[in-house]
Every structure is written in structure tokens, then in C-alpha cells.
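# Reading the structure
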Amino acid sequence: MRKLQSLFIGVIAIILLLSFFDFRLNRASNASSNVLNIYNWGDYIDPDLLKQFEEEYGYKVNYETFDSNEAMEAKIKQGGTSYDITIPSEYMIQKMKKEKLLLPLDHSKIKGLENIDPRFLDQDFDKDNQYSIPYFWGTLGIVYNDKFVDGDKIKHWEDLWRPELQNNIMLIDGAREVMGLSLTTFGNSINSKNMKELQQATDKLNKLTPNVKAIVADEIKMYMANEESAVAVTFSGEAADMMGQNEDLHYVIPPEGSNLWFDNIVIPKTSENQEGAYDFINFMLRPENAKTNAEYIGYSTPNKVAMDMLPKEISEDKQFYPDDETISHLEVYKDLGSEYLQIYNDLYLEFKMYRK
């Protein structure tokens, strides 16, 4: 009898223990499902939209930022944090697909993809948008201050080498961007894997050093708005931001060619809240939200319905919404592979060291 009693008590204890662990697991699961972890570039979404999303869907958004595609990729690879959404650039999407760091999208769960301009869908880096949804797009170009520079003399990449610009140019700190602009002056591709062309571009960059005042990142906006330099090489959205602060600034896309870039929303393999990820994608695909975000950020929206809602002075500004003729001369960055990415970085570092 005592044996049966002990056995019965043991069974009850096991059931209670299992119930406790099941409760803990369910609570953890529910907590995870109520949290959305977003990993994005700095200052790359209107904070009010995040608040609106939380209120509407009941999620708590954890928002972290990165300063380069490579830093983002490395953290996703580590897998320490369960990011549900991240926003890489086109070449990095291509790379992350190869590395199996992204989850394929279930298009049956996506609402509003028809709002996206077809020009920005089905790109080579992600055919049929199997893994990514367009977020913003833009170009790389030249900003100049007409108080110090004649706009007729700043139209081409070659103009950056003009001797009167000595110590008066700021460059965005990026190997692909700086190497690319030099490659373009020779009529070569910004995705070149020809060592002769790459060395030629580096040699030419070394001759640019007397004109380079600084190589900087996000602070380029503040410097140009405060008129600490006459000319800068930067992205279209950064240009829009600084132009909003200083009416003497202007942005040009060199007609011989430049970079056309895309940043897209993806769901990394680390995601533990895929339902929340789809909710966020659908939320950002709404035209009214895409419009709000475009006005706050200053970059070009791929959402054609949102674009129609923007003020004409924005949507018809060819500096930031270039026509098809201009776009036809632009190139999208491709994944160069680790070998050539390292070569670009090494040659760019050579240029930066040469300045010293």
C-alpha cells in the first residue's frame, strides 16, 4: 500500500513539475510573440511610426541600429539576438541569401505589395522578391554650396579633382562609394573585378587627396549644413536632409553614372516572431505610412501610391526622383564575393593612408 502511495505521489510530483515547465515555456513564448526586434540603420524610420505600430498591434518594439551592412551581417551570423526584421542593402541581401541567413517570404501573408512601383520589384539581387520588400531607394551624388562653388563647374565626378577645391571636399566613408566614383571617371563599372582598373582608380584617388578635407559618416550632414566645406560626396537622402537645413546646398547626379541603391526589409533566420514581422511589413507598405516615413527620412520611397500623396515639390524633384533616362546610367552594387570585397577595402585603406 505504501509503495502504491509513494508511486502515486511521485506521479503527481512529475505532473506538477511538467505543468510548471509548460507554464514557463508558454509564458516565454507569449512574451516573445509580443515583442518585435528590429535591426535598422540609424535614424532610418520616423519614431512616431514605431509608436503607432506598437499601439495598433500591441507589440513592444525593441529597436537597435547598425552603421554598416557588414556589421549587421556579422551580428545576424552570431545569432545571439533574435532579430525579426532587418533592412540590408541590395548586395548584402544577395550575400545573406547565399549564406542562408534569410527566411523566404510567404507572399500570401503580405498585403500592399501592389503599391510598390514595378521598377523596384524583381531586381537581380532578389528575383521575384522571394526574400525582400523594398523600403527606400536612392543614389550617390555630389552636394555643393553655391556660395562657394559655381554649380556649372560641379556636374561630373571629374570636377572633384579641380585645383580650386583644395581642402574643400568631404567624402562619405565607404569603400564601394569612393572606389566607385573613381572607377566611373574611366568609364568602368562600379562592380569591376579587373585589377588594372582597380589600381588605376586608386592611383587617381591618391591625386584627389589635396582636395579632401575629411572622410566622414553621418556627421557629413551637420558639416555641410554648417558650411564647413564647399562640396561633399554623399547619398541622396543625406543630401535632402542637409538641403532642408541650408538653402544654398544643391545635389547633382553625375550623368556619366553612379550608384543606384536599394534598402529592403527582410526577415532574418533569427526571427522568433514571424507573425509580427509580417505585420510590420504590411504596416510599412501602407501608402500613408510610406509617405510619412519618406517625408521624415528624406529618401525616395518605392511606394508609387505614397509618392502620389507627397507634395509636388518632393515627388517632381529629379534630384531625388530621377527620370528613367538618368536611372539608365546608374548601377546597382553587386556582391563581389569575399576576395574582391577585401581588395576594395584594402585599396580604399591605401587611399586613406595616402592622405596622411
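Anything mentioned here points back to the structure above.
Since this is a predicted model, take the numbers as computed values, not measurements.

Definitions and cut-offs
Residues numbered from 1 in each chain as written. Predicted model: local features only at pLDDT ≥ 70, side-chain atom pairs only at ≥ 80, totals over all residues. Heavy atoms only, no water. Helix = DSSP H or I, 4+ residues; strand = E, 2+ residues; numbered from the N terminus. Buried < 20%, exposed > 50% of the residue type's maximum accessible area, 1.4 Å probe, protein only. Areas by Shrake-Rupley, 256 points an atom, 1.4 Å probe, with all protein chains shown as cover. Lys, Arg positive; Asp, Glu negative; His and termini not counted. Charge placed at Lys NZ, Arg CZ, Asp CG, Glu CD. Patch = residues over 30% accessible without salt bridge, like charges linked within 9 Å, V, L, I, M, F, W, Y side chains within 5 Å. Salt bridge = Lys/Arg side-chain N within 4 Å of Asp/Glu carboxyl O. Phe/Tyr/Trp six-rings, centres within 6.5 Å; stacked < 30°, edge-to-face > 60°. Lys NZ or Arg CZ within 6 Å of the ring centre and 35° of its normal. Contact = heavy atoms within 4.5 Å. Axes fitted to C-alpha atoms, helices over the stretch in contact; angles between N-to-C directions. Parallel < 35°, antiparallel > 145°, perpendicular 65-115°, else oblique. Left-handed = near helix turned anticlockwise from the far one by under 90°. Pairing = 2+ DSSP bridges.

## Describing the overall build of the protein
- Along its length, the protein carries 14 helices and 10 strands.
- If one aligns the C-alpha atoms of the protein with their principal axes, the spans along those axes are about 100 × 45 × 35 Å.
- Looking at the protein residue by residue over its 356 residues, the buried ones come to 51%.
- Here the protein has roughly 17,300 Å² of accessible surface; of this, 51% comes from carbon and sulfur atoms.
- Side-chain charges in the protein split into 37 positive and 58 negative, and the spacing between the mean points of these groups amounts to 7 Å.

## Notes on a negative patch on the surface
- Where like charges cluster on the molecular surface, the negative patch consists of Asp 43, Asp 67, Asp 218 and Glu 219.
- When you line up the elements, Asp 218 lands in the loop between strand S6 (212–216) and helix H7 (220–225).

## Quick word on the packing of aromatic side chains
- Overall, the coordinates contain 23 aromatic pairs when judged by the stated rule.
- Here the aromatic rings of Tyr 44 and Phe 136 are separated by 5.5 Å at their centres, their planes lie at 40 degrees, and the arrangement is tilted. One end of the pair, Tyr 44, is in the loop between strand S1 (35–41) and helix H2 (47–57); the other, Phe 136, is in strand S4 (residues 132–145), with 92 residues separating them in the sequence.
- A relative accessible area of 4% places Tyr 44 in the buried class.
- Here the aromatic rings of Tyr 44 and Tyr 299 are separated by 5.7 Å at their centres, their planes lie at 90 degrees, and the arrangement is edge-to-face. Pair noted here: Tyr 44 is in the loop between S1 and H2 and Tyr 299 is in the loop between helix H10 (287–297) and helix H11 (304–309), with a separation of 255 residues, a long-range link.
- Across from the ring centre of Tyr 91, 5.5 Å away, lies the NZ or CZ of Arg 176, which sits over that ring.

## Side note on the pattern of salt bridges
- Going through the model one piece at a time under the given rule, you end up with 22 salt bridges.
- We note a salt bridge from Lys 77 to Glu 99, for which the minimum N-O separation is 3.3 Å. Pair noted here: Lys 77 is in helix H3 (residues 69–78) and Glu 99 is in the loop between helix H4 (90–98) and S4, with a separation of 22 residues, a long-range link.
- Residue Lys 77 is classed as partly exposed on the basis of its relative accessible area of 46%.
- The closest approach of N and O atoms between Glu 316 and Lys 312, which form a salt bridge, is 3.9 Å. Summarising the burial analysis for this pair, Glu 316 and Lys 312 share the class exposed.

## Here's the deal with unusual backbone geometry
- Even without being a glycine, Asp 122 presents a positive backbone phi close to 55 degrees.
- When you line up the elements, Asp 122 lands in the loop between H4 and S4.
- Positive phi is not limited to glycine here, since Asn 167 has a value of about 55 degrees.
- By relative accessible area, Asn 167 is classed as partly exposed at 44%.

## Regarding H10
- Taken as a whole, H10 has its buried residues at Pro 287, Asn 289, Ala 290, Lys 291, Asn 293, Ala 294 and Ile 297.
- Among the structural elements, H2, S4, helix H8 (236–245), helix H9 (274–285) and H11 are those in contact with the buried residues of H10.
- Looking at the residues trailing H10, positive phi occurs at Gly 298, about 95 degrees.

## Let's talk about the packing of H2 against H9
- Direction vectors running N to C along H2 and H9 enclose 125 degrees, while the axes themselves pass 11 Å from each other. It follows that H2 is oblique to H9 by the angle criterion. Remark: the crossing between H2 and H9 carries right-handed chirality. Along the contact surface, H2 presents Leu 49, Leu 50, Gln 52, Phe 53, Glu 56 and Tyr 57, while H9 presents Gly 276, Asp 279, Phe 280, Phe 283 and Met 284.

## Thoughts on the pairing of S4
- Summarising burial for S4: 14 of the 14 residues are buried, a large majority.
- Direction of pairing for S4 relative to strand S9 (residues 258–266): antiparallel, over a ladder of 7 bridges. Bridge pairing in S9 places Trp 137 opposite Phe 262.
- For S4 and strand S7 (residues 231–235), the ladder comprises 5 bridges, and the chain directions are antiparallel. Bridged to Ile 142 within S7 is Val 233.
- The sheet contact formed by S4 and strand S8 (residues 249–252) spans 4 bridges and is antiparallel.

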